[in-house]
Amino acid sequence: MEESLKVAQGISDFGFMVIVCAVFLCLAAALMIACFKWFKSIINGMIKGNQSMAAELLTETKNQNDMLTDIAEGLRPETQLRIKNTSGIYFDLAIERVCRIIRKVREENHIADHEATKAKIHTLIMNLHEDRNSRFDHYTYRGKRLSSYTSPEWIEWVEQCVLSEVYAESVNNGRTYTNVQTVYDRIKIDFYHKLNQE
């Protein structure tokens, strides 16, 4: 009742129009504040959406650039020629080193102990393989280290050849060199096929 009397007194003192204007101004201020908050939330949403879209575009662009670099590098014939020349040197060096291993094992080891001889040969061949891979790690092809195109299966191929030569009935260095070279030619072909498969 008291409130109503105050409103009635305000109407009589200030007039109906002033009270209506005051109420209208309060409503207009509240509406403007609500509109500004609404616009702010819309603009913030648009900015966040643009940021996430820009991040996705940047990621996609980087992926496409990597793919294009990969394709361009694979299409350049001098890249493969460089890899073939470099790897060929390492494989040819390995032929000589394996022939030396065969000679050393024949001369220095008690080859009657098959298990110990096989373990030693495996270790020596694996060391050669890992040494070559560590050198291949400095080269890349299609975005991957060159050592990722090698295979641990090669160790078994060379190991079988070395064992057959160590336990051959007659010692023939020419035959040994030819057999080791044949294995490394097979390894080279396998390596080049792996380079061209991807």
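Our subject is the structure that appears above.
Read on for an overview of the structure. (Residues numbered from 1 in each chain as written. Predicted model: local features only at pLDDT ≥ 70, side-chain atom pairs only at ≥ 80, totals over all residues. Heavy atoms only, no water.)

**Here we look at empty space enclosed by the protein**
Next, step 1: Across all of its chains, the model carries 1 cavity of 30 Å³ or more by this definition.
Next, step 2: Roughly 40 Å³ of volume is contained in the largest cavity.
Next, step 3: Taken together, Ile125, Leu128, His129, Arg132, Trp154, Ile155, Val158, Tyr184 and Ile187 make up the full set of residues lining the largest cavity.
Next, step 4: Listed by contribution, the elements that provide at least two residues to the lining of the largest cavity are helix 4 (114-136), helix 5 (153-166) and helix 6 (173-197).
Next, step 5: Tallying contributions element by element places helix 4 first for the lining of the largest cavity, with 4 residues.
Next, step 6: Within the lining of the largest cavity, the residues separate by chemical class into 7 nonpolar, 1 polar and 1 charged. (1 Å grid on protein atoms, 1.4 Å probe; cavity = no way out; pocket = protein on both sides within 12 Å on 5 of 7 lines; lining within 4 Å. Points joined across faces, edges and corners; volume = space filled by probe spheres on them. Helix = DSSP H or I, 4+ residues; strand = E, 2+ residues; numbered from the N terminus. Nonpolar A, V, L, I, M, F, W, Y, C, P; charged D, E, K, R; others polar.)

**What to know about a positive patch on the surface**
Next, step 1: Taken together, the side chains of Arg100, Arg103, Lys104 and Lys120 make up a positively charged region of the molecular surface.
Next, step 2: Sort the elements by how many residues they give to the positive patch and helix 3 (residues 77-108) lands first, with 3 residues.
Next, step 3: As for its placement among the helices and strands, Lys104 is situated in helix 3. (Patch = residues over 30% accessible without salt bridge, like charges linked within 9 Å, V, L, I, M, F, W, Y side chains within 5 Å. Areas by Shrake-Rupley, 256 points an atom, 1.4 Å probe, with all protein chains shown as cover. Salt bridge = Lys/Arg side-chain N within 4 Å of Asp/Glu carboxyl O. Lys, Arg positive; Asp, Glu negative; His and termini not counted. Charge placed at Lys NZ, Arg CZ, Asp CG, Glu CD.)

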